[in-house]
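# What the coordinates show
For reference, the chains in residue letters:
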Amino acid sequence: MSWSDDDIRAILDTIDKFVEQDIKPIARDHDLADSYPHELVEKMKELGLFGATIGEAYGGLSLSATVYSTIVQKIAAVWMAPSGIFNSHLIMASAIERVGTDAQKQAFLPRMATGELRGGIALTEPNAGTDLQAIRTTAKRDGDDYILNGTKTWITNSMHGGGLAVLAKTDPHAEPRHKGMSMFIVETKDEQGRVKPGILINKIKKTCYRAIDTCEVVFEDFRVPAANLVGLEEGRGFQTAVGGLELGRINVAARGAGIAQGALDLCVRYAQERESMGKPICEHQAIQLKLGEMATKVEASKLLIKQAAEMYDTGQRCDMEAGMAKYFASETGVYCASEGMRIFGGYSMSVEYEIERYYRDAMLMCIGEGTNEMQRIIISKQLIEKNRI
Ligand SMILES: Cc1cc2nc3c(=O)[nH]c(=O)nc-3n(C[C@H](O)[C@H](O)[C@H](O)COP(=O)(O)OP(=O)(O)OC[C@H]3O[C@@H](n4cnc5c(N)ncnc54)[C@H](O)[C@@H]3O)c2cc1C
């Protein structure tokens, strides 16, 4: 679908209202109580956010990466965590839309676009994060099913959602290792919404990204229909997982830039309210230097995201640009949140002031969707590849 500029403005205005009316008032309480924001999920369904990047043919909004990343920034500027409820879901949907068969797309994408089926992506295991090819979960063919055994960890949306794209080894002895990896669409709940036998889900208590369900998911002889092997071909799971990385990195960059912008906004206000030595602290040069640096890094992050998103939207390869945006914007989130803690002084330690939540949430953006150590290594490799002498 090609949206007009007026349509886009209307969509973004609606998001601004959603953020002000629905997210802002509940963010702190849900975060501190670590309680799932069910009310936001219902509102997100109404807004169509669960279908934001899913194709129109399947009932989605088919938004561009440019518009989608702007939406993510707006939400993360107020509270980063809820963006994960639709973000991880859309990574699963994107895997099905890119690699799934027509029957798989028809079976899952319309339900995902409305939010009736909400999902996530289950790659990480206790022994395998960055080194995904080291996963130990196995999927063994048995008649019309595969039998899943193994433990996934840090899986977002796994307790309150109903579906997961699960990466498993169909050939644990394959060399190279990625050739033995496959992805499966697993519906984790029965029609009554109960977790199916053969799956155990245990919530992880987190310091950050609270209120959102991130869990350990254990499969014990769990049967998944062979028809749910994504693309109906074994050995393509690793490519399917990494094939969504460009958009995934743009998304995480947008969350980082949102955190940075939100922390800056809190500081610009507080620095005018708080007085020391007879004047607002924004009139002290030490604080002005911080605000100037923060604001510049926020704008630079947004420009890097815009560049990567526009390249993505016009079909250009942008893994290096998306990696740069992810690296810089997430580090800017950490920078602005920690400078914000200094600007708020002792009050940064009080949960009455929300800067502490930004500080807790920011670091996750440096770790998810490829750690920032790996981002710089990938950027460097690309640089050499493009400029070989
Ligand atoms: C809140 C939260 C939500 C998450 N949600 C999901 C989810 O929904 N689905 C999912 O599948 N996963 C999820 N994850 C997992 C996340 O993707 C991993 O934590 C991440 O990939 C890093 O893996 P790791 O934690 O095992 O770190 P490790 O891979 O153990 O890395 C530890 C350190 O070593 C460095 N390192 C590792 N290998 C190399 C190398 N080759 N060269 C240089 N440095 C290296 C890393 O950069 C890092 O600094 C989530 C994690 C968190 C914390």
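By the naming in an unreviewed UniProt entry, the protein chain goes by 3-sulfinopropanoyl-CoA desulfinase and is assigned to Pseudomaricurvus hydrocarbonicus. You can read under Catalytic activity (unreviewed entry) in the UniProt record for the protein chain the words "3-sulfinopropanoyl-CoA + H2O = propanoyl-CoA + sulfite + H(+)".

### Focus on the overall build of the protein chain
Across its full length, the protein chain holds 13 helices and nine strands. Computed over C-alpha atoms, the radius of gyration of the protein chain comes to 21 Å, within 12% of the 21 Å expected from 2.2 N^0.38 for 389 residues, which places it in the range of a compact globule. Along the first, second and third principal axes, the C-alpha set of the protein chain runs to 80 × 60 × 45 Å. When the 389 residues of the protein chain are sorted by exposure, 49% land in the buried category. Sequence separation of at least 24 residues holds for 74% of the intrachain contacts in the protein chain that already meet a minimum separation of 6.

### A few points about the domain arrangement of the protein chain
Per the domain assignment, the segments of the protein chain are domain 1 (5-114), domain 2 (119-241) and domain 3 (244-386). Look at where the C-alpha atoms of domain 1 and domain 3 centre, and you get two points 21 Å apart. Where the side of domain 1 that touches domain 3 is concerned, the elements lending two or more residues are α2 (27-33), α4 (65-76) and α5 (81-99). Here the element with the most residues in the side of domain 1 that touches domain 3 is α4; it accounts for eight residues. Grouping the amino acids of the side of domain 1 that touches domain 3 by side-chain chemistry returns eleven nonpolar, seven polar and three charged.

### Describing the site of the ligand
Neighbouring the ligand are 20 residues; L123, G129, T130, T156 and T371 lie closest to it. For the shell around the ligand, the secondary-structure elements that each account for two or more residues are β1 (119-122), β3 (145-156), α12 (364-367) and α13 (372-386). For the shell around the ligand, the residue count by class is nine nonpolar, nine polar and two charged. Viewed by domain, the shell around the ligand spans two of them, domain 2 (119-241) and domain 3 (244-386), each represented by three or more residues.

### Side note on the environment of E331
Here E331 shows up in helix α10 (residues 319-343). Taking the C-alpha atoms as reference, E331 lies 8.0 Å from M363; in sequence the two are 32 residues apart. The residues contacting E331, other than those within four sequence positions of it, are C366 and N372.

### Observations regarding the packing of helix α9 (residues 285-313) against α10
Contact geometry for α9 and α10: axes closest at 9 Å, N-to-C directions at 160 degrees. In terms of orientation, α9 and α10 fall into the roughly antiparallel class. The way α9 lies across α10 gives a crossing that is left-handed. Counted together, I287, K290, M294, K297, V298, A300, S301, L304, I305, Q307, A308 and M311 of α9 and E321, A322, M324, A325, F328, A329, T332, Y335, C336, E339 and I343 of α10 form the full contact between these two elements.

### Quick look at the UniProt feature "domain: Acyl-CoA dehydrogenase/oxidase C-terminal" (unreviewed entry) in the protein chain
Residues annotated by UniProt as "domain: Acyl-CoA dehydrogenase/oxidase C-terminal" (unreviewed entry) correspond here to residues 235-383. Segment residues 235-383 splits into 77% helix and 3% strand. End C-alpha atoms: 29 Å apart.

### Overview of helix α3 (residues 38-47)
All of the buried residues in α3 are L40, M44 and L47. One side of α3 holds all its buried residues, which, seen down the axis, span an arc of 60 degrees. With respect to the buried face of α3, the exposed residues turned more than 90 degrees away are H38, E39, E42 and E46. In this structure, the buried side of α3 is in contact with α1 (5-23) and α5.

### Describing α5
Under the 1.5 Å per step criterion, the end-to-end length of α5 is 28 Å for 19 residues, consistent within 8% with the ideal 27 Å. Across the 19 residues of α5, 17 count as buried, placing the element largely inside the fold.

### What to know about unusual backbone geometry
In most cases, non-glycine residues show a negative phi, while peptide bonds are predominantly trans. Here E175 and P176 are connected by a cis peptide whose omega angle stands at -5 degrees. Its place among the elements puts P176 in the loop between β4 (163-169) and β5 (181-187). Backbone geometry at Y209 places phi at a positive 50 degrees, although glycine is not the residue there. Within the fold, Y209 resides in the loop between β6 (199-203) and β7 (214-225). Phi angles above zero are rare outside glycine, and D221 is one such case at about 50 degrees. Within the element layout of this structure, D221 appears in strand β7.

### Here's the deal with the packing of helix α8 (residues 245-273) against α10
Here α8 crosses α10 at 25 degrees, and the two axes come no closer than 7 Å. One way to sum up the angle between α8 and α10 is to call them roughly parallel. As for the relative orientation of α8 and α10, their crossing is left-handed in sense.

How each quantity is defined
- Residues numbered from 1 in each chain as written.
- Predicted model: local features only at pLDDT ≥ 70, side-chain atom pairs only at ≥ 80, totals over all residues.
- UniProt positions renumbered as here; feature names shortened; annotations may be inferred.
- Helix = DSSP H or I, 4+ residues; strand = E, 2+ residues; numbered from the N terminus.
- Rg over C-alpha atoms; globule rule 2.2 N^0.38 Å.
- Buried ≥ 20, exposed ≤ 12 C-beta atoms within 10 Å, placed from the backbone.
- Contact = placed C-beta atoms within 7 Å.
- Domains from an automatic or database assignment.
- Nonpolar A, V, L, I, M, F, W, Y, C, P; charged D, E, K, R; others polar.
- Near = placed C-beta within 6 Å.
- Axes fitted to C-alpha atoms, helices over the stretch in contact; angles between N-to-C directions.
- Parallel < 35°, antiparallel > 145°, perpendicular 65-115°, else oblique.
- Left-handed = near helix turned anticlockwise from the far one by under 90°.
- Arc of directions from axis to C-beta.
- Expected span 1.5 Å × (residues − 1).

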